[in-house]
Amino acid sequence: MKTFIKLGMLLCGLVLAGQACAATIVVRARGTSGQESVSLQVGGSTVQVWTLTTTMQDRTVSTALTGEIRLNFTNDGTNRDVQVDYIQVDGATRQAENQSVNTGLYANGACGGGSNSEWMHCNGYISFGNAPGSSSSSSSSSSSSSSSTSSSSGSNTIVVRARGTSGQETINLQVGSTVVQTWTLTTSLQDYTASTSLSGEVRVNFTNDGTNRDVTVDYIVVNGQTRQAENQSVNTAFYANGACGGGSNSELMHCNGYISFGTVSGSSSSSSTSSSSSSTSSSSSSSSGGTFCDLPSNLSWTSGSPIISPKNGNASVKDPTIVNYGGKYHVFATVYNNGWKSIYLNFTDFSQASAASHTNFQPGGSYTV
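Residues numbered from 1 in each chain as written. Predicted model: local features only at pLDDT ≥ 70, side-chain atom pairs only at ≥ 80, totals over all residues. Heavy atoms only, no water.

Caption draft 1: Fine view of the pattern of salt bridges. One pass over the full model with this rule turns up nine salt bridges. Between Asp58 and Arg28 there is a salt bridge; the shortest N-O distance is 2.9 Å. Residue Asp58 is found in strand β4 (residues 57–63), and its partner Arg28 is found in strand β1 (residues 23–31); the two are separated by 30 residues along the sequence. Its relative accessible area of 6% is what places Arg28 among the buried residues. (Salt bridge = Lys/Arg side-chain N within 4 Å of Asp/Glu carboxyl O. Helix = DSSP H or I, 4+ residues; strand = E, 2+ residues; numbered from the N terminus. Buried < 20%, exposed > 50% of the residue type's maximum accessible area, 1.4 Å probe, protein only.)

Caption draft 2: Inspection of the pairing of strand β26 (residues 316–325) at higher detail. Note: β26 against strand β27 (residues 328–336), eight bridges, orientation antiparallel. Across the sheet, the residue bridging to Ile322 is Val331, located in β27. (Pairing = 2+ DSSP bridges.)

Caption draft 3: Representation of the sheet that holds strand β22 (residues 257–264) in the model. Judged by pairing direction, the sheet is antiparallel, and its four strands sit side by side in the order β14-β13-β16-β22 without closing on themselves. What marks the edges here is a single partner per strand, and that holds for β14 (178–184) and β22. The mean angle between the axes of side-by-side strands here comes to 15°, regardless of whether they run parallel or antiparallel. Sheet analysis places strand β13 (residues 170–175) next to strand β16 (residues 200–206), joined by five bridges and oriented antiparallel. Bridge pairing in β16 places Val175 opposite Val202. (Axes fitted to C-alpha atoms, helices over the stretch in contact; angles between N-to-C directions.)

Caption draft 4: Region of the structure containing the packing of aromatic side chains. In this structure the tally under the stated criterion is seven aromatic pairs. Ring centres of Trp183 and Tyr192 lie 5.5 Å apart, and the angle between their planes is 45°; this geometry places the pair in the tilted category. When sorted by exposure, Trp183 lands in the same class as Tyr192, which is buried. Put simply, the rings of Tyr329, Phe347 and Phe350 touch in pairs and so form one group of aromatic residues. The positively charged end of Arg70 is found above the aromatic ring belonging to Tyr125, 3.7 Å away from the centroid. Lying across the ring of Trp340, Lys318 places its NZ or CZ 4.5 Å from the centre. (Phe/Tyr/Trp six-rings, centres within 6.5 Å; stacked < 30°, edge-to-face > 60°. Lys NZ or Arg CZ within 6 Å of the ring centre and 35° of its normal.)

Caption draft 5: Quick look at a nonpolar patch on the surface. A cluster of nonpolar side chains, contributed by Ile307, Ile322 and Phe350, occupies part of the molecular surface with about 260 Å² of accessible area. Along the polypeptide, Ile322 turns up in strand β26. By relative accessible area, which is 42% here, Ile322 ends up partly exposed. (Patch = residues over 30% accessible without salt bridge, like charges linked within 9 Å, V, L, I, M, F, W, Y side chains within 5 Å. Areas by Shrake-Rupley, 256 points an atom, 1.4 Å probe, with all protein chains shown as cover.)

Caption draft 6: Layout of the confidence of the model for the protein chain. This prediction gives the protein chain a mean pLDDT of 80; 78% of its residues lie at or above 70. Predicted confidence is poor over residues 267–272, with pLDDT under 50, and the contacts of this stretch with residues over four places away or in other chains come to 31 contacts. Taken together, the stretch residues 274–291 has pLDDT below 50 and engages in 55 contacts with residues farther than four places along the chain or on a different chain. (pLDDT = per-residue confidence, 0-100. Contact = heavy atoms within 4.5 Å.)

What follows is the structure, given as structure tokens:
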């Protein structure tokens with residue numbers, strides 16, 4: 001049994017008793033006052049609570065829970081609003097404005113009176129579909145799309161997610177010194193996709209500024225890698241400090257100009273399409289009926305205060321093995337109290353772990369298993 005306990009530590013994240021492995025969820029959000037509190041909920045259980053800042057930041061958590069993913073705004077008050085850019089579930093991005101359930105959006109004279117928005121003005125939640133391993137674990141939303149094509153495809157795929165304020169704004173994608181594609185924006189965020197073998201600096205240019213015309217660029221995706229507009233240091237179209245190009249690190253383009261999104265390598269033809277994006281996640285099942293997921297290619301973790309501390313006169317606790325079964329986390333661990341012994345505890349949410357009772361093992365008169 002000792003071998004099993006230590007082996008369990010090495011197999012963390014693998015499937016046990018048909019349960020889903022842990023998913024990594026990233027929430028990108030900000031508040032307008034810096035006092036807003038949000039909580040991430042999976043399958044009815046609160047996984048983590050955060051207090052937001054006024055700048056967009058990523059907040060990461062891992063959980064083996066399955067079911068619907070909700071981001072809740074919990075402390076609405078004067079001058080408090082929340083903007084959610086997106087969440088990522090095991091690397092797959094789910095945009096807030098693509099989600100059809102947003103009970104925190106104030107629209108049409110009521111909280112929950114609209115949907116498909118990054119904003120939460122009231123206490124409520126945005127539903128982001130299901131976590132991996134949930135039955136029917138897919139969520140998607142889409143709207144009408146338009147497309148245009150030219151010549152053959154290239155080796156680099158670039159997606160530009162943007163909108164205009166009037167629906168008359170024109171932007172183009174430039175790689176190196178060559179314009180790859182030009183689009184006229186709508187007033188809702190949509191994905192505009194181009195393929196090219198060109199190499200060099202990637203720019204999104206706003207080309208027809210005029211009365212009531214402004215552009216919001218959410219991000220671009222280069223060969224699957226997301227580059228957020230607000231993370232870019234060159235934005236010559238942003239009006240700030242009394243001048244066009246007077247600032248940077250913004251999604252907004254008020255003047256003719258460009259945002260530079262770094263470089264791409266490659267070498268000559270291009271094609272393009274434009275459409276609104278959808279977010280999808282799915283689970284795969286084995287022949288035995290269990291739900292499985294692949295180990296991520298890049299592993300990461302965060303550290304914090306102890307979740308489980310010694311009790312009942314024990315001096316330490318170590319080597320926990322955690323099994324999620326029957327809606328509970330079952331934990332087997334080793335403690336020291338004039339010799340090594342084993343304990344068992346269970347809880348339904350990690351926020352309850354510190355209060356859970358510790359039960360000593362005494363099978364066959366021995367204190368270890």
